[in-house]
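Single-letter residue listing:
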Amino acid sequence: MAAPLLQASIDIEAPPSKVWELISDLRRMPQWSPQCRWMRQFGPLRNGARTLNFNRRNRLFWPTTST
């Protein structure tokens, strides 16, 4: 069984270049997500890029992937 697809959207009043500048810095993911400890991308950052994430909450550790 495939994992469920999670997605969200939001309208941001800022130029796309400024938004991209902020969200494309994946080293900041632990700052945005309190349980994300580490995030690495596979290949160049582009539409469809994949990442591997390591998460932690208390003693529980788990990996996730993102596209």
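Before reading further, recall that the structure is shown in the block above.
This one's a predicted model, so the numbers in the text were calculated from it and none came from an experiment.

> Looking at this model, I keep getting lost on the packing of aromatic side chains. Mind explaining?
Pairs of aromatic rings are described using the distance from one ring centre to the other and the angle between the two planes. Scanning the entire structure with this criterion turns up one aromatic pair. Between W38 and F54, the ring centres sit 4.9 Å apart and the planes meet at 45°, which makes this aromatic pair tilted. Here F54 lies in strand β2 (residues 50–57) and W38 lies in strand β1 (residues 36–42), a separation of 16 residues in the sequence. For W38, a relative accessible area of 31% puts it in the partly exposed group.

> How should the sheet that holds β2 be read in this particular structure?
Each strand in a sheet pairs with another by means of backbone hydrogen bonds, the pair being arranged parallel or else antiparallel. One open sheet holds the three strands; their spatial order is β1-β2-β3, and the pairing between them is antiparallel. The sheet is open, and its two borders are formed by β1 and β3 (60–66), each paired with just one other strand. Here the strands of the sheet are splayed against their neighbours by 15° on average, with no regard to which way each runs.

> Would you mind going over a nonpolar patch on the surface with me for this structure?
Residues W20, L22, I23, W32 and L45 make up a contiguous nonpolar surface patch of roughly 460 Å² in combined accessible area. The dominant element in the nonpolar patch, judged by the number of residues it contributes, is helix α1 (residues 16–23), at three residues. Mapping W20 onto the fold places it in helix α1.

> Is there a simple way to explain the pattern of salt bridges in this structure?
Summed over the entire model, instances satisfying the criterion amount to two salt bridges. Measuring nitrogen to oxygen at the nearest pair gives 3.9 Å for the salt bridge that ties K18 to E21. With K18 and E21 both in helix α1 and three residues apart, this pair spans about one turn of that helix. Exposure remark for K18: the relative accessible area of 39% places this residue in the partly exposed category. Among the residues examined, E21 registers a relative accessible area of 51% and is labelled exposed. Notably, a salt bridge pairs R27 with D25, separated by 2.9 Å at the nearest N-O pair.

Conventions adopted
Throughout this document, residue positions are counted from 1 along each chain, in the order its sequence is written. Only residues with pLDDT of at least 70 get local features here, since the model is predicted, and only at 80 or more are side-chain atom pairs given and counted; chain-wide, interface and lining totals rely on the full set of residues. As a convention, hydrogens and water are excluded, and side-chain values are obtained from all of the structure's heavy atoms. The aromatic pairing rule takes the rings of Phe, Tyr and Trp, using the six-membered ring of Trp, and pairs them if the centres are within 6.5 Å, calling planes under 30 degrees apart stacked, those over 60 edge-to-face and the rest tilted. Each helix is a run of DSSP H or I of at least 4 residues and each strand a run of E of at least 2, with the numbering of both proceeding from the N terminus. Each residue is assigned to one of three classes by its accessible area relative to the maximum for its type, calculated with a 1.4 Å probe on protein chains only: buried under 20%, partly exposed between the two thresholds, exposed over 50%. Pairing between strands requires that DSSP locate at least two bridges from one strand to the other. In this analysis an axis means a line fitted to C-alpha atoms, helices contributing only their contacting stretch, and an angle means the value between N-to-C directions, from 0 to 180 degrees. Note that patches include only residues with greater than 30% relative accessible area and no salt bridge, and the join distances are 9 Å for like charges and 5 Å for nonpolar side chains (Val, Leu, Ile, Met, Phe, Trp, Tyr). To be clear on the numbers: accessible area is Shrake-Rupley with a 1.4 Å probe, and residue cover counts the displayed protein chains and nothing else. Salt bridges, as used here, are contacts in which a Lys or Arg side-chain nitrogen is within 4 Å of a carboxyl oxygen on Asp or Glu.

Interpretation in functional terms is not warranted from these geometric data alone.
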